[in-house]
Amino acid sequence: MTSPTSDTKQDVVTVYEGRPNFSCSQCSAVITLQDELISKHFSGREGRGYLIHSAVNVKLGKKEDRHLLTGVHTVADVFCMGCNERLGWFYHKAADQSQKYKEGKYLLEREKLIKDNAWTLDN
């Protein structure tokens, strides 16, 4: 596993070309498809967040128990592989049974992402 502070720019992969996606607001590395979006009604450290099924071009920090709005969760911060920007966190485990649906998913902060709809104009 790579360190959150290690230089991983060379590891960024270009994926999802021509498909609606979310990219890092700092370096434009593609992070996830818009189809992976579960909910827009989450809160991150710095504002609104998205609950996402999966992500690419990210690396995880160390696991820690964190007291969030919905209880204690075991999470790891998520960092962009292109620029090391913290994008949100990954839910490893939820203590409360009603929060188990978050396990294995990402909370990505809206302000850290760029939405690319991949629209093209017909000639």
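Rules of the game
Residues numbered from 1 in each chain as written. Predicted model: local features only at pLDDT ≥ 70, side-chain atom pairs only at ≥ 80, totals over all residues. Heavy atoms only, no water. Pairing = 2+ DSSP bridges. Helix = DSSP H or I, 4+ residues; strand = E, 2+ residues; numbered from the N terminus. Axes fitted to C-alpha atoms, helices over the stretch in contact; angles between N-to-C directions. Buried < 20%, exposed > 50% of the residue type's maximum accessible area, 1.4 Å probe, protein only. Phe/Tyr/Trp six-rings, centres within 6.5 Å; stacked < 30°, edge-to-face > 60°. Contact = heavy atoms within 4.5 Å.

- Naming follows an unreviewed UniProt entry, where the protein appears as Protein yippee-like of Neolentinus lepideus HHB14362 ss-1.

Observations regarding the sheet that holds strand β5 (residues 58–68)
Right, so step 1: The strand order β3-β4-β8-β7-β6-β5 describes an open sheet built from six strands, whose pairing is antiparallel. The sheet is open, and its two edges are formed by β3 (37–44) and β5, each paired on a single side. Sheet twist, expressed as the average angle between the axes of neighbouring strands with direction ignored, equals 30°.
Right, so step 2: Pairing between β5 and strand β6 (residues 71–80): nine bridges, direction antiparallel.

Focus: unusual backbone geometry
Right, so step 1: A positive phi angle, near 70°, is found at Ser 28, a position not held by glycine.
Right, so step 2: Following the sequence through the fold, Ser 28 ends up in the loop between β1 (21–24) and β2 (30–33).
Right, so step 3: On the basis of relative accessible area, Ser 28 is assigned to the partly exposed category, the value being 48%.
Right, so step 4: Within the chain, Asn 57 stands out as a residue other than glycine whose phi angle is a positive 55°.

Description of the packing of aromatic side chains
Right, so step 1: Summed over the entire model, instances satisfying the criterion amount to three aromatic pairs.
Right, so step 2: An angle of 40° between the planes, with centres 5.2 Å apart, marks the rings of Phe 22 and Tyr 50 as tilted. Of this pair, Phe 22 sits in strand β1 while Tyr 50 is found in strand β4 (residues 47–52), placing the two residues 28 residues apart along the sequence.

A word on the environment of Val 78
Right, so step 1: As for its position among the elements, Val 78 is in strand β6.
Right, so step 2: Judged by its relative accessible area of 0%, Val 78 is buried.
Right, so step 3: Discounting residues that sit within four places of it in the chain, Val 78 has contacts with Val 58, Lys 59, Leu 60, Glu 85, Arg 86, Leu 87, Gly 88, Trp 89, Phe 90, Tyr 106 and Leu 108.

Side note on the pairing of β2
Right, so step 1: Bridge count for β1 against β2 is three bridges, and the pairing is antiparallel. Residue pairing in the sheet places Asn 21 in a bridge with Leu 33 of β2.
Right, so step 2: As consecutive antiparallel partners, β1 and β2 are separated by five residues, and within that stretch Ser 28 has a phi angle of approximately 70°, a positive value.

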